[in-house]
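Each chain is listed here by its residues.
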Amino acid sequence: MASDRRTLLADAALDVLADEGMRGLTHRAVDRRAAMPPGTTSAYFRTRASLLTGLVARLVQLDQTELQTMAEELPPLRTVEELVDGMVVLTRQRLNGEGRRRSLARHACAVESVRDSELRELLVPRENAGRKAVRLFLATRGVTDVENRTHTLLTCIDGLVFDRLVNGGEVQREALDGLVAAALR
């Protein structure tokens, strides 16, 4: 029950952060969002730092699950077009609905992690099926320095998502085509 309550509170904290920003993220705001009695969040996450750590751990868990599911649903990447198709799907997921909310929270936490090494460590890109698929795709095309190219490609995609979060709209397929072409050079 305690881990279920912690998950519920972390999900509520994600919602508060997405809606109200870092300044709006308080124990009381999370209690209200979770429809819990005052003091509940504080009982599970004693400090603001522990609340942020719990929120980020949950965010990473949700992101990893999303990437694993996506990798399982998409066919193996054989062509550049298939890789870009997958990236289009990912960017749309990250810019709409719950994915948008998580993206807003993720970027707010990334800025906060500049001053918090524990958050920064939690936010370090994790190994997942999506990252493996991109790495394998690049390796089978003879790309040298596959690790750095994979990291750079995925970081650039995150940057495009951030730009669209701030400025609105969708990530254009042509931009993704260009990123893949650059990674393959």
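Okay, so let's go over this structure. None of these values were measured; they are calculated from a predicted model.

So, the overall build of the protein chain
- The helix and strand tally for the protein chain stands at 10 helices and zero strands.
- Ordering the α and β elements of the protein chain from the N terminus gives α-α-α-α-α-α-α-α-α-α.
- Taken across its 185 residues, the protein chain has 40% of its residues classed as buried.
- Put simply, 65% of the contacts in the protein chain that link residues at least 6 apart link residues at least 24 apart.
- About 10000 Å² of surface is accessible on the protein chain, with carbon and sulfur atoms providing 54% of the total.
- Computing the positive centroid from 27 side-chain charges and the negative centroid from 26, the protein chain places the two 4 Å apart.

A few points about the environment of leucine 14
- Among the structural elements, leucine 14 can be located in helix H1 (residues 2-24).
- We classify leucine 14 as buried; its relative accessible area is 6%.
- Every residue in contact with leucine 14, bar those within four places of it in the chain, is listed here: Leu55, Arg58, Leu59, Leu62 and Ala105.

Considerations on the pattern of salt bridges
- In the structure shown here, the tally under the stated rule is 15 salt bridges.
- Between glutamate 66 and arginine 94 there is a salt bridge, with its nearest N and O atoms 3.0 Å apart. Placement of the pair is glutamate 66 in helix H4 (residues 48-73) and arginine 94 in helix H5 (residues 80-95), with a sequence separation of 28 residues. Like glutamate 66, the residue arginine 94 is buried in the burial classification.
- Its salt-bridge partner being aspartate 163, residue arginine 164 comes within 2.5 Å of it at the nearest N-O pair.
- Residue class for aspartate 163 comes out partly exposed when judged on its relative accessible area of 30%.
- Overlapping salt bridges bring together Asp15, Asp19, Glu20, Arg33, Glu98 and Arg101 as one network.

Notes on H5
- Compared with the 22 Å implied by 1.5 Å per residue over 16 residues, the 22 Å span of H5 between its first and last C-alpha is a close match.
- Among the residues of H5, Glu82, Leu83, Val84, Gly86, Met87, Val88, Leu90, Thr91, Arg94 and Leu95 are the ones counted as buried.
- Here the buried face of H5 lies against H4, helix H6 (97-112), helix H8 (129-140), helix H9 (146-167) and helix H10 (173-184).
- Once H5 ends, the next one or two residues include glycine 97, with phi positive near 55 degrees.

Some words on the layout of surface pockets
- Of the volumes computed, that of the largest pocket is approximately 890 Å³.
- Taken together, the elements giving at least two residues each to the lining of the largest pocket come down to H4, H5, H6, helix H7 (117-123), H8 and H9.
- Looking at the lining of the largest pocket element by element, the count peaks at six residues for H4.
- Considered class by class, the residues forming the lining of the largest pocket number 20 nonpolar, eight polar and seven charged.

Considering the environment of arginine 48
- Tracing the backbone through its elements, the reader meets arginine 48 in helix H4.
- Judged by relative accessible area, arginine 48 falls into the partly exposed class, the value being 33%.
- Through-space distance from the C-alpha of arginine 48 to that of arginine 126 is 24 Å; in sequence the pair is 78 residues apart.
- In contact with arginine 48, not counting residues within four places along its chain, are Met22, Leu25 and His27.
- A polar side-chain atom of arginine 48 sits 2.4 Å from the main-chain carbonyl oxygen of leucine 25.

Describing the packing of aromatic side chains
- As enumerated under the stated definition, the model contains zero aromatic pairs in all.
- The ring of phenylalanine 137 carries arginine 141 above its face, with NZ or CZ at 3.7 Å from the centroid.

Reading guide: rules and limits
Residues numbered from 1 in each chain as written. Predicted model: local features only at pLDDT ≥ 70, side-chain atom pairs only at ≥ 80, totals over all residues. Heavy atoms only, no water. Helix = DSSP H or I, 4+ residues; strand = E, 2+ residues; numbered from the N terminus. Buried < 20%, exposed > 50% of the residue type's maximum accessible area, 1.4 Å probe, protein only. Contact = heavy atoms within 4.5 Å. Areas by Shrake-Rupley, 256 points an atom, 1.4 Å probe, with all protein chains shown as cover. Lys, Arg positive; Asp, Glu negative; His and termini not counted. Charge placed at Lys NZ, Arg CZ, Asp CG, Glu CD. Salt bridge = Lys/Arg side-chain N within 4 Å of Asp/Glu carboxyl O. Expected span 1.5 Å × (residues − 1). 1 Å grid on protein atoms, 1.4 Å probe; cavity = no way out; pocket = protein on both sides within 12 Å on 5 of 7 lines; lining within 4 Å. Points joined across faces, edges and corners; volume = space filled by probe spheres on them. Nonpolar A, V, L, I, M, F, W, Y, C, P; charged D, E, K, R; others polar. Polar contact = N/O pair within 3.5 Å; in protein donor to acceptor, adjacent residues only side chain to side chain. Phe/Tyr/Trp six-rings, centres within 6.5 Å; stacked < 30°, edge-to-face > 60°. Lys NZ or Arg CZ within 6 Å of the ring centre and 35° of its normal.

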